[in-house]
Amino acid sequence: MILKRNLLFAAALVALATVPAKAVVLISDNFATFSDGTLAGQGGYTAYAASTTSPLQVVGGRVVIPNLTPAATTDNQDVIKSVGTPIVTPGAGTASAFVGMNLRVNTAPLATNSYFFATSDALATGMGVFQNHRITVRPDASGTGFNFGVRVNGQGGNPFAFGGQLPLGSFFSIVAELNLTAGAPNDSVRLFVNPTSTDLASQTPYVTVTAGTGTADVTQIAGVVFSQFASATTGQSGIEITDLRVADNFAQAVVPETSTVALAGLGVLPLALVAIRRRKAA
Ligand SMILES: [Ca+2]
């Protein structure tokens, strides 16, 4: 009997060993652990690109992307953080990275807002450095609220795709699935807003975008960028970010802390409570 039990235990160990050990968290930052003040120089973040004016700030445990109006200001400092070993497009198939954030959009005044988040294919600036997987916001067509938008890269043939209306001033847990697929143009981004669980298969994307014809392929992700780019024709929305996670799997990129707050803002919480009550009653 004891022998049989040992054999079963050994079989279970073998089964466990065949589960791929693929669950890597590349970045997990809660900005409440950062000091108020300039972000660059803290937690592995460094100034990115040439601009040094108005360094990005941490205020009250949140990274603050300031509302910038076109022509009213110049391009301000961006920051980058390395993901460690770059995530590269494989020779065949798809490699995916997942970027999770908990954030609040306070203002989205302009349809021409620049992106506030991107990945970079290199850590240094210069030749071949490009910001891909850009995330932005714009005002919703209804006149109230906003839409998140994503694009695979920054090229003209690959514009932002936007999702549906969301309320300003509420925190959201978002996860961007960045898919690097062998060949071009075929990369894609799926954005999830307030995931209901850490099971990717059961989630419905808020918006999906695939690289347009003729656009260059994304070769790798070396770092992640917070941007406060502005110019004569584009500005920035006012955004506060409490957490940033980058992982090679969906579950570990989900930032759960304030999801209930965000769900309440969406009006989803009462439905969830009803569902729980029904389950208890059954
Ligand atoms: Ca590709």
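Residues numbered from 1 in each chain as written. Predicted model: local features only at pLDDT ≥ 70, side-chain atom pairs only at ≥ 80, totals over all residues.

**What to know about the overall build of the chain**
- Looking only at helices and strands, the chain has 3 helices and 16 strands in total.
- Going through the 282 residues of the chain one by one, you find that 38% of them count as buried.
- Look at the contacts in the chain between residues 6 or more apart in sequence, and 70% of them connect residues 24 or more apart. (Helix = DSSP H or I, 4+ residues; strand = E, 2+ residues; numbered from the N terminus. Buried ≥ 20, exposed ≤ 12 C-beta atoms within 10 Å, placed from the backbone. Contact = placed C-beta atoms within 7 Å.)

**Some thoughts on the confidence of the model for the chain**
- Looking at the chain, pLDDT values average 84 and 81% of them are 70 or higher.
- Below a pLDDT of 50 lies the segment residues 11-20, which in the model reaches 0 contacts outside its immediate sequence neighbourhood of four places, other chains included.
- Low pLDDT (under 50) marks residues 259-282, which in the prediction has 17 contacts with non-local residues, meaning those over four places away or in another chain. (pLDDT = per-residue confidence, 0-100.)

**So, the nonpolar core**
- Grouped together as the largest cluster of nonpolar side chains are 61 residues, with contacts concentrated most on Val-79, Val-99, Ile-174, Val-175 and Ala-176.
- The biggest single contributor to this core is strand 12 (residues 171-181), with 7 residues.
- When neighbours within four sequence positions are excluded, Val-79 is seen to be in contact with Leu-39, Ala-40, Tyr-45, Thr-46, Ala-47, Tyr-48, Leu-56, Val-225 and Phe-226. (Core = buried A, V, L, I, M, F, W, Y, C linked by C-beta atoms within 7 Å.)

**Describing the environment of Val-79**
- Within the secondary structure layout, Val-79 lies in strand 6 (residues 78-88).
- For Val-79, a count of 25 C-beta atoms within 10 Å translates into the label buried.
- Considered as a pair, Val-79 and Gly-223 are 144 residues apart in the sequence and their alpha carbons are 9.9 Å apart.

**Some thoughts on unusual backbone geometry**
- Along the chain, Ala-184 connects to Pro-185 via a cis peptide bond; the corresponding omega equals -10°.
- Here Pro-185 lies in the loop between strand 12 and strand 13 (188-193).
- Positioned with a positive phi, Ser-54 is a non-glycine residue whose angle comes to about 45°.
- As for its placement among the helices and strands, Ser-54 is situated in the loop between strand 3 (46-48) and strand 4 (57-59).

**Focus: the sheet that holds strand 10 (residues 146-151)**
- Pairing in this open sheet of 7 strands is antiparallel, and the strands run 3-6-15-8-9-10-11 from one edge to the other. If you trace the sheet from one side to the other, it starts and ends with strand 3 and strand 11 (161-162), each paired once.
- When strand 8 (residues 117-120) meets strand 15 (residues 220-226), the two strands line up antiparallel, connected through 4 bridges. The residue of strand 15 that forms the bridge with Thr-119 is Val-224. (Pairing = 2+ DSSP bridges.)

**Things to note about the environment of Ala-40**
- Here Ala-40 is to be found in the loop between strand 2 (37-38) and strand 3.
- Each C-alpha atom, one on Ala-40 and one on Asp-78, is 8.7 Å from the other, the two residues being 38 residues apart in sequence.
- Those residues in contact with Ala-40, other than ones at most four positions away along the chain, are Tyr-45, Thr-46, Ala-47, Pro-55, Leu-56, Gln-77 and Val-79.

**What about the environment of Asp-78?**
- Structurally, the position occupied by Asp-78 is in strand 6.
- Along the backbone, Asp-78 and Leu-39 are 39 residues apart, and their C-alpha atoms lie at a distance of 9.7 Å.
- Setting aside residues up to four positions removed in sequence, Asp-78 forms contacts with Tyr-48, Ala-49, Ser-51, Val-225, Phe-226, Ser-227, Gln-228 and Phe-229.

**Looking at the pairing of strand 12**
- Within strand 12, 11 of the 11 residues are buried, leaving the element largely enclosed by the surrounding structure.
- Side chains Phe-171, Ser-173, Val-175, Glu-177, Asn-179 and Thr-181 of strand 12 all project onto a buried face; the interleaved residues Phe-172, Ile-174, Ala-176, Leu-178 and Leu-180 project onto the opposite face, where all are buried too.
- Where strand 7 (residues 94-107) meets strand 12, 11 bridges bridge the pair, whose relative direction is antiparallel. In the sheet register, Leu-103 faces strand 12, and the bridge partner there is Phe-172.
- Relative to strand 13, strand 12 runs antiparallel, the two being bridged by 6 bridges. The residue of strand 13 that forms the bridge with Asn-179 is Ser-188.
- In textbook terms, the turn of a hairpin is the stretch between consecutive antiparallel strands, and for strand 12 and strand 13 this stretch comprises 6 residues, one of which, Gly-183, has a positive phi near 90°.

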